[in-house]
Amino acid sequence: MVETSKPAAKNASATRTAARRAAARRKPLGDQPVSVMIAAMGGEGGGVLTSWLVNAARKANLPVQATSVPGVAQRTGATTYYVEIVPKPYAKTKPIEPILDLYPGPGDIDMMVATELMEVGRALEKGFISPKRTTLIGSTHRVYTLAEKMAMGDGRYDGDKIMEAAKQMAKRHILFDIERAAQDAGTIVNSVLLGAIAGSGVLPIGSKVFKDGIREEGKAVESNLAGFDIGYAYATGDVVELQTRQAIPKAVPVAPNDAAGKLKRRVEQDFPSETHAVVLEACGRCLDYQDADYAFQYLDRLDTIRKIDEGRGDGDFKITNEAARHLGLRMTFEDIMRVAQLKTRKSRFERLRRDVQAGQDHLVRTTEHFKPGPYEFASIMPKSIGMRIVDWADRKPKSARRWHFGMHIRSDTIWGFTRMRLLAGMRRFRRRGFRYFEEQEQIEEWLNMVRRAAEVSKPMALETVECARLIKGYSDTHKRGVSNFHRIANIVVKPALAAGVDVAGDIAQAKAAALADPEGSSLAETLSAMKAKFDGCDDTLQAT
């Protein structure tokens, strides 16, 4: 999260100073059209922003033309808008009628506007941003692409590289978290962008013309004007965005005798200060997920890793920190009860209302989509029954696929919300379920390998901890991750532990191969090459 602040109301002198700065940057009138390219995703008001620009140009009696090219989908391609404005009024261009381009050319853009950091990257890749000509206005926030979300590992692109490239390749850059600024103003990003465009001084149009256009349109006038003022302030340098990307959380007072207070006190007494942030977060997650006993079980498990780090005597608790993070995630695995719990949170409904810009008098319809199958039903059954269902589904996958039920539940209705809350309330029976038993057994196996690996070397222990990244998601994704984890454990980790050999590099290589493709062909090739290395080390080589 980037910290921003709303620009305070400025006195008349400061306002005149900002206006003079914008006017000084404004291009002198000439014959060359000013070209503006806008890349915006669905729901961000790119079309309205383009209309504001066109209407403002017409009001200033300037020749203008706008075109648009639709994107593929919400996050596989933004809609591109292109505007050309002749900086001479019609009175000075007659009798010649200006002929304007329909689509931008690489290197021919005076102003590039992008509503998200990856769209800045796309513009850079296509060559639209020129160090001799282009003023770049872009947002530093991210909306992750489908490719990033579908990656088995961390598929996020490096936003810092895009930021550095943008600063080097643009003649001038105005980069800030536009989404956060819009939230501060209670509007969407297009009005903030309009203010930044006006404040950049690239267009031969004053800010008053743009503001009058917002008022004349008559839609969300106050919030749009507030967004305009914030964008204008950023562009003119009157607001400097802080470099901190994550706000420091405020300490929440905890009663000393309740469960949270007891957990907090134990963490502070037993664990080193550098681990407190992660451990406290994981404790709170376990407490919310199940109950206080479950959270104390988390601390008991982690304490065995902490003692190993402490016994080393070098003051480094990196293994404990990494184990704390992954153990917290593994102990709060997402089953159907957890999903229902998260979907019925008050904070979620508030976020949904903000996302769709719903007013106080607006009704928001929310439909939850579920498609449980045999594995989901087995997860909440007692161990003996759940094992039989899973065994049947593994033996007859085609038949099992026919037993998936599509469910659409209206969580905005009393009956739908009640059904969801009843499902979430079933977490009190979670400990009796097959999935719980299976997960706890796998967690203990993983922790035992971490403890044994720590006796060999710290790098090997850290790589063994990181193997937990393979287990994620639900249904087929979860099943595939568990399978990959056991293959690496049985073919690489366990034989090496039996022989007392440090194979941190091999574990990292196998882990990367497992995350490289969902089909598992890369992992199969990697493990096949490694298998001979460990033949004879341990009988576990023959395990599945």
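Residues numbered from 1 in each chain as written. Predicted model: local features only at pLDDT ≥ 70, side-chain atom pairs only at ≥ 80, totals over all residues. Heavy atoms only, no water.

Whenever I open this one, the packing of aromatic side chains confuses me. Can you help?
Working definition: an aromatic ring pair is given by the centre-to-centre distance plus the angle between the planes. Considering all chains together, one arrives at eight aromatic pairs under this definition. Pairing Tyr 289 with Tyr 294 gives two aromatic rings, centres 5.9 Å apart and planes at 25 degrees, and the pair type is stacked. With relative accessibility at 0%, the residue Tyr 289 sits in the buried group. An aromatic cluster is defined as three or more aromatic residues linked by ring pairs; in this entry it consists of Tyr 289, Tyr 294, Phe 333 and Tyr 436. Its guanidinium or amino end placed over the ring of Tyr 289, Arg 430 lies 3.8 Å from that ring's centre, counting from NZ or CZ. (Phe/Tyr/Trp six-rings, centres within 6.5 Å; stacked < 30°, edge-to-face > 60°. Buried < 20%, exposed > 50% of the residue type's maximum accessible area, 1.4 Å probe, protein only. Lys NZ or Arg CZ within 6 Å of the ring centre and 35° of its normal.)

Before we go on, may I ask you to explain the pattern of salt bridges in this structure?
Opposite charge on two side chains allows them to pair when their charged atoms are near. Summed over the entire model, instances satisfying the criterion amount to 34 salt bridges. A salt bridge links Glu 368 to Arg 348; the nearest nitrogen and oxygen atoms lie 2.8 Å apart. Within this pair, whereas Glu 368 is found in strand 7 (residues 367-370), its partner Arg 348 is found in helix 16 (residues 346-355), the two being separated by 20 residues in sequence. Each of the two residues, Glu 368 as well as Arg 348, counts as buried. The partner of Glu 439 in a salt bridge is Arg 435, with the nearest N and O atoms 2.8 Å apart. Taken together, the residues Glu 439 and Arg 435, both in helix 21 (residues 434-456) and four residues apart, mark about one turn of the helix. Note on accessibility: Glu 439 and Arg 435 belong to one class, buried. (Salt bridge = Lys/Arg side-chain N within 4 Å of Asp/Glu carboxyl O. Helix = DSSP H or I, 4+ residues; strand = E, 2+ residues; numbered from the N terminus.)

Sorry if this is basic, but what is going on with the sheet that holds strand 2 (residues 64-69) here?
In sheet architecture, strand pairing relies on hydrogen bonds along the backbone and comes in two forms, parallel and antiparallel. Strand order in the open sheet formed by six strands is 2-3-1-4-5-6, with mixed pairing between adjacent strands. Of all strands in the sheet, those bounded by a partner on one side alone are strand 2 and strand 6 (172-176). The average angle at which neighbouring strand axes cross in this sheet is 10 degrees, direction not considered. Sheet analysis places strand 5 (residues 135-139) next to strand 6, joined by five bridges and oriented parallel. Residue pairing in the sheet places Gly 138 in a bridge with Leu 175 of strand 6. (Pairing = 2+ DSSP bridges. Axes fitted to C-alpha atoms, helices over the stretch in contact; angles between N-to-C directions.)

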